[in-house]
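Chain by chain, the residues run as shown.
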Amino acid sequence: MVKKELIAMLLAGGQGSRLGVLTEKVAKPAVAFGGKYRIIDFPLSNCINSGIDTVGVLTQYQPLRLNTHIGIGIPWDLDRNVGGVTVLPPYEKTGNTSWYTGTANAIYQNLAYMENYNPDYVLILSGDHIYKMDYEVMLDYHKAHNADVSIAVMPVPQQEASRFGIVVTDGSGKITEFQEKPENPKSNLASMGIYIFNWKSLKEALKALAEQPNCDFGKHVIPYCFDKGEKLVAYEFNGYWKDVGTLGSYWQANMELIDIIPEFNLYEEFWKIYTKNEIIPPQYIASTARINRSLIGDGTEVYGTVENSIIGSGVVIKEGAVVRDSIIMQGTVIGRNSVVERSIIAEDAAVGENDQIGIGEERPNKEKPNIYAYGLAVIGENTIIPDGVRIGKNTAVTGETVPEDYPYGALESGETLDKAGVVS
Amino acid sequence: MRAVGIVLAGGNSYRMRELSNKRAIAAMPIAGSYRSIDFALSSLANSHIQKAAVLTQYNSRSLNEHLSSSKWWDFGRKQGGLFIFPPMQTPENSFWYRGTADAICQNLSWLKDCHEPYVIICSGDGIYKLDFNKILEYHIDKKADITVVVRDMPDEVDVTRFGLVKMDEDNRIVQFEEKPMAAMSRTVSCGIYVVRRRQLIELIEKAGEEGRFDFVRDILIRYRDVKKIYGYKMDSYWSNIASVESYYQTNMDFLKPEIRNYFFREYPNVYTKVDDLPPAKYNPGCEVKNSLISSGSIINGKVEDSIIFKNVFIGEKCTVKNSILLNGVYLGDNVYLENCIVESDNTIRPNTSHVGKNGVEIVIETGDRYTL
């Protein structure tokens, strides 16, 4: 009989709507990060580096890119005879078929998958955090404390604690209280959304909460286990951990990689981060190029100037172009003499010549001021930008745009231009 | 599945000087991200050939490490696959491979068990992209016994280290000389042959019985008038890297836009084993001009007209000109390099300088490396 001590369930079905046009056509875990990675590479690499060889990836929102990326798991050594990586989309069943309505509901609908491996413990992960963590150490902690459920927590500054789900522990690590975004936090330990369950406890809780609408781990399963009197412990994690849920934090986390000795170091020999290398050749830096403080991916050609930026694979930055404080993803072309500042340009976009992007005065976005902020100009994937236009700050552009879309040759700060799906 | 591939990758050449001390020629790093054999294997895979044997001998471990999995070239198939054949002892044979024909001869049982009608023989030290199906068509069209891929070389290339051919109007090879004293033609053999499998078995068995071991001398040249041996002229990029000068030049060729585009951007792609390395990092103070930089490298100094392979560290105030730094090289601060090839994983001490004055200097320094 197949037996796996610990299996992982990776929640990768969310849209991540706060990333705006970046997640218009891809799920958040498939968004590019750090030049050649995608966000999901971090939890997947953590799994294999922690010795977990059975991972179920729950997908729902726009899974195509994610499916192509994961494939049969070769880059992460997760192509296995028994176990390996399995993509788990919602499926039709007799009786009530439904989408995944919540994080715990998604896991509930895949009880049969987990049952196959006869696990002792199940690790629940989300596919949208940047960190390196040894889950095996967490499992050892879980076992040593004889816990039913372990929750990974990290200390946050006390004044920011009211933005998080806070756990309060006694001296031994046992959890005594939960506070969801509390006004007066009693502790500064924030939940990271990483859980280890005893398989029996998880199965029992999911079945008991089967009828719960939008069943969620933080809101329903954990309180259920707590109320039932099971032993919940907090596992304190003190390494680098970043939620890249907003454009601001996404941009910030990317920029931190450029530091000379970054807090999150991709160049360490142990704990490698694996990804699917679609583009293999080296990058070419021309005589006309100037590069400073940047990360550049494989197969990229630089003829212009790049400063303080993260450039993906297969990008072309043409002569005279200037890219500053920006993130340019795989396959994008920046035309001659265009200036790109403080922008995020998604995959396979084409920026014309003599464009100015991310330049203008600071003004909040009119449609979605909470999403398109931080002074960033955000360009969606496959977007085409005509020659000689100016795009301001806190803007979003997506689709095949033409000069007529830019009154007086400009998209002013705070405007949104969404032509995705428009066939010209 | 009309053909199987045989890649001859067992050789060594004194022309590679110290570079072949630790690896087979077929395992020489090329163009930042690749190894020499990738070009032959990718051409085979892209021509829908699913079964290939790599015959290794000299320093075979270096090659085995690169060929640790067949999946990178898409050879991980049930029908077919990638086979690596070093010499082996059997009751009938206890010799090393005594030549290219002998290498095939010692693996005849494998060839006999194949069912594909044709064999493509290529060497592991050629840099090219070829559609072998086209050559196969040509071979069938000409009703040839053996087709040899040939190429006219430009005047500046010294062709006397190659096999030289002369062809008649029909492209039948009428003269073939291996590494002649004086060049009698500008057309060289690229070391790529197409031959019917049964024909090959017959020729190799005969040569084996007669104690003849070299494919070129004992089959191509010996049978030149008896068998119909045709030349197939290729005109796309081809280079043989089996001398330090041509190895250096071939790498530098990738700085030319048309050659870079041809290999890096035009379909079909060249595949290689992927190392999981982070993107290249450019720190303040770096100045890079007309160079190829590979992933995992960290640049703090000046790089000009050079090829930087994977995982290279270039310290502050360094200057690297017209040089090739192989995988994992570490340059301490304030190093000056010009016209050099630095052997992989070597550490160059700070405040030193190496200049290749008469041609390319091969730098080998295996000092201690102090890193934080």
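Residues numbered from 1 in each chain as written. Chains lettered and ligands numbered in written order. Predicted model: local features only at pLDDT ≥ 70, side-chain atom pairs only at ≥ 80, totals over all residues. Heavy atoms only, no water.

Undergrad: Sorry, what's going on with the overall build of chain A here?
TA: Along the backbone of chain A there are 8 helices and 33 strands. Expected size for 424 residues packed as a compact globule is a radius of gyration near 22 Å; at 23 Å, chain A falls within 12% of this value. Along the first, second and third principal axes, the C-alpha set of chain A runs to 65 × 50 × 50 Å. When burial is assessed residue by residue, chain A has 57% of its 424 residues classed as buried. In chain A, the share of contacts with a sequence separation of at least 24, taken over all contacts with a separation of at least 6, comes to 58%. (Helix = DSSP H or I, 4+ residues; strand = E, 2+ residues; numbered from the N terminus. Rg over C-alpha atoms; globule rule 2.2 N^0.38 Å. Buried < 20%, exposed > 50% of the residue type's maximum accessible area, 1.4 Å probe, protein only. Contact = heavy atoms within 4.5 Å.)

Undergrad: Can you walk me through the overall build of chain B in this structure?
TA: Along its length, chain B carries 9 helices and 28 strands. Here chain B has a C-alpha radius of gyration of 21 Å; the compact-globule value for 372 residues is 21 Å, and the two agree. With 372 residues in all, chain B has 59% of them scored as buried. Surface accessibility of chain B: about 15,600 Å² in total, with carbon and sulfur atoms responsible for 47%. Between the centroid of the 47 positive side chains of chain B and the centroid of its 47 negative side chains there is a distance of 2 Å. (Areas by Shrake-Rupley, 256 points an atom, 1.4 Å probe, with all protein chains shown as cover. Lys, Arg positive; Asp, Glu negative; His and termini not counted. Charge placed at Lys NZ, Arg CZ, Asp CG, Glu CD.)

Undergrad: For this particular structure, what's the right way to read the confidence of the model for chain B?
TA: If pLDDT is low for a region, its predicted coordinates should not be looked at in detail. Residue and element names in this part refer to chain B. Residue-level pLDDT values for chain B average 94, and 99% of them are 70 or greater. By mean pLDDT, helix α2 (residues 60-66) is the weakest element of chain B at 91, and strand β19 (residues 307-308) is the strongest at 98. Both confidence scores are given for the complex: pTM 0.93, ipTM 0.91. (pLDDT = per-residue confidence, 0-100.)

Undergrad: What is the right way to read the interface of chain B and chain A from this model?
TA: By a widely used convention, the size of an interface equals the accessible area lost when the partners come together. Counting residues at the interface gives 37 residues for chain B and 44 residues for chain A. A buried area of about 3,000 Å², summed over both sides, lies between chain B and chain A, and 53% of it is on carbon and sulfur atoms. Ranking the residues of chain B by area buried against chain A places D276, P279 and Y282 of chain B at the top, with a combined share of 22%. Along the contact surface separating chain B from chain A lie 2 salt bridges. The closest approach of N and O atoms between E301 of chain A and R260 of chain B, which form a salt bridge, is 3.0 Å. (Buried area = accessible area lost by both parts, 1.4 Å probe. Salt bridge = Lys/Arg side-chain N within 4 Å of Asp/Glu carboxyl O.)

Undergrad: Explain the sheet that holds strand β23 (residues 330-331) of chain B here, please?
TA: Sheet strands pair by backbone hydrogen bonding; their relative direction is either parallel or antiparallel. In space, the 12 strands of this open sheet follow the order β33(A)-β31(A)-β28(A)-β25(A)-β22(A)-β19(A)-β16(A)-β14(B)-β17(B)-β20(B)-β23(B)-β26(B), with mixed pairing throughout. The sheet is open, and its two borders are formed by β33 (416-419) of chain A together with β26 (347-348) of chain B, each paired with just one other strand. The pairing of strand β14 (residues 280-282) of chain B with strand β17 (residues 298-299) of chain B spans 2 bridges and is parallel. If you follow K281 of chain B over to β17 of chain B, its bridge partner there is I298 of chain B. (Pairing = 2+ DSSP bridges.)

Undergrad: Would you mind showing me how to read the nonpolar core here?
TA: In summary, soluble globular proteins display a tendency toward joint burial of nonpolar side chains. Judged by nonpolar contacts, the single largest core of 70 residues is most densely connected at V55, M133, I194, Y250 and I344 of chain A. Considering every element that reaches this core, the biggest residue donor is helix α8 (residues 247-256) of chain A, with 5 residues. Filtering out sequence-adjacent residues up to four positions away, I344 of chain A remains in contact with L22, L247, Y250, W251, I327, M329, L376, A377, V378 and I379 of chain A. If you look at the next biggest cluster of nonpolar residues, it comprises 48 residues, including V315, I385 and L411 of chain A together with C318 of chain B. (Core = buried A, V, L, I, M, F, W, Y, C linked by side-chain atoms within 4.5 Å.)

Undergrad: Help me understand helix α1 (residues 37-46) of chain B, please; the structure alone is not making it clear to me.
TA: Residue and element names in this part refer to chain B. Where burial is concerned, most of α1 is hidden: 10 out of the 10 residues are buried. Within the sequence span of α1, burial applies to I37, D38, F39, A40, L41, S42, S43, L44, A45 and N46. Once α1 finishes, H48 follows within two positions and takes phi at roughly 65°, a positive value.

Undergrad: Where do I start with the pairing of strand β4 (residues 51-55) of chain B in this structure?
TA: Along any regular strand, the residues point their side chains to alternate faces of the sheet. All names here are of chain B. Here β4 lies mainly inside the structure; 5 of its 5 residues are buried. As defined by bridge partners, strand β1 (residues 3-8) adjoins β4 across 4 bridges and the pair is classed as parallel. When the sheet's bridge partners are listed, I6 is paired in β4 with A53. Here β4 pairs with strand β5 (residues 81-85) via 5 bridges, running parallel. Opposite L55, over in β5, you have F85 as the bridge partner. In this view, the connection linking β4 to its parallel neighbour β5 by way of α2 has right-handed handedness. (Right-handed = clockwise from strand over helix to strand, strands pointing away.)

Undergrad: Just checking my understanding: could you explain the sheet that holds strand β30 (residues 390-391) of chain A for this structure?
TA: Residue and element names in this part refer to chain A. Spatially, 7 strands are ordered β15-β18-β21-β24-β27-β30-β32 in an open sheet, and the strand pairing comes out parallel. Strands at the two margins of the open sheet, each flanked by one partner only, are β15 (290-292) and β32 (410-411). Judged from the 3 bridges that link them, strand β18 (residues 305-307) and strand β21 (residues 322-324) form a sheet pairing that is parallel. Looking at the pairing, E307 lines up with R324 of β21.

Undergrad: Is there a simple way to explain the packing of aromatic side chains in this structure?
TA: We describe a pair of aromatic rings using the distance from one ring centre to the other and the angle between the two ring planes. Residues and elements named next belong to chain B. In this structure the tally under the stated criterion is 27 aromatic pairs over all chains. Consider the rings of Y34 and F39, whose centres lie 5.7 Å apart with planes at 55°: the pair is tilted. Between F313 and Y330 the ring centres are 4.8 Å apart and the planes differ by 10°, which places this aromatic pair in the stacked class. Of this pair, F313 sits in strand β20 (residues 313-314) while Y330 sits in strand β23; the two residues are 17 residues apart in sequence, bridging distant segments of the chain. According to the relative accessible area criterion, F313 is partly exposed, its value standing at 25%. Classification of Y330 by relative accessible area gives buried; the value is 18%. Directly above the aromatic system of Y262 lies the positively charged group of K129, at a separation of 4.8 Å from the ring centroid. (Phe/Tyr/Trp six-rings, centres within 6.5 Å; stacked < 30°, edge-to-face > 60°. Lys NZ or Arg CZ within 6 Å of the ring centre and 35° of its normal.)

Undergrad: What should I look at first to understand the pattern of salt bridges in this one?
TA: Pairing between side chains of opposite charge can happen when the charged atoms of each approach one another. Tallied over the full model, the rule gives 47 salt bridges over all chains. Between R336 of chain A and E319 of chain A there is a salt bridge whose closest N-O contact spans 3.9 Å. With R336 of chain A in the loop between β23 (333-334) and β24 (339-341) and E319 of chain A in the loop between β20 (316-317) and β21, this residue pair connects regions lying 17 residues apart in the sequence. E343 of chain B is paired through a salt bridge with R23 of chain B; the nearest N and O atoms lie 2.5 Å apart. Taken as a pair, E343 of chain B in the loop between β25 (340-342) and β26 and R23 of chain B in the loop between β1 and β2 (29-30) lie far apart in primary sequence, 320 residues in all. Since its relative accessible area comes to 3%, E343 of chain B is described here as buried. Here the residues in one salt-bridge network are R38, R65, E278, E347 and E381 of chain A, joined through shared partners.

Undergrad: Please clarify how the packing of helix α6 (residues 199-208) of chain A against helix α7 (residues 217-227) of chain A should be interpreted in this entry.
TA: A packed helix pair is summarised by two numbers, namely the angle formed by the two axes and the spacing between the axes. All names here are of chain A. Packing of α6 against α7 leaves a shortest axis separation of 10 Å and a crossing angle of 115°. With respect to α7, the axis of α6 lies roughly perpendicular. In this structure, the crossing between α6 and α7 has a hand that is right-handed. Between α6, through L202, E204, A205, L206 and A208, and α7, the contact on the second element is made entirely by F217, V221, Y224 and C225. (Axes fitted to C-alpha atoms, helices over the stretch in contact; angles between N-to-C directions. Parallel < 35°, antiparallel > 145°, perpendicular 65-115°, else oblique. Left-handed = near helix turned anticlockwise from the far one by under 90°.)

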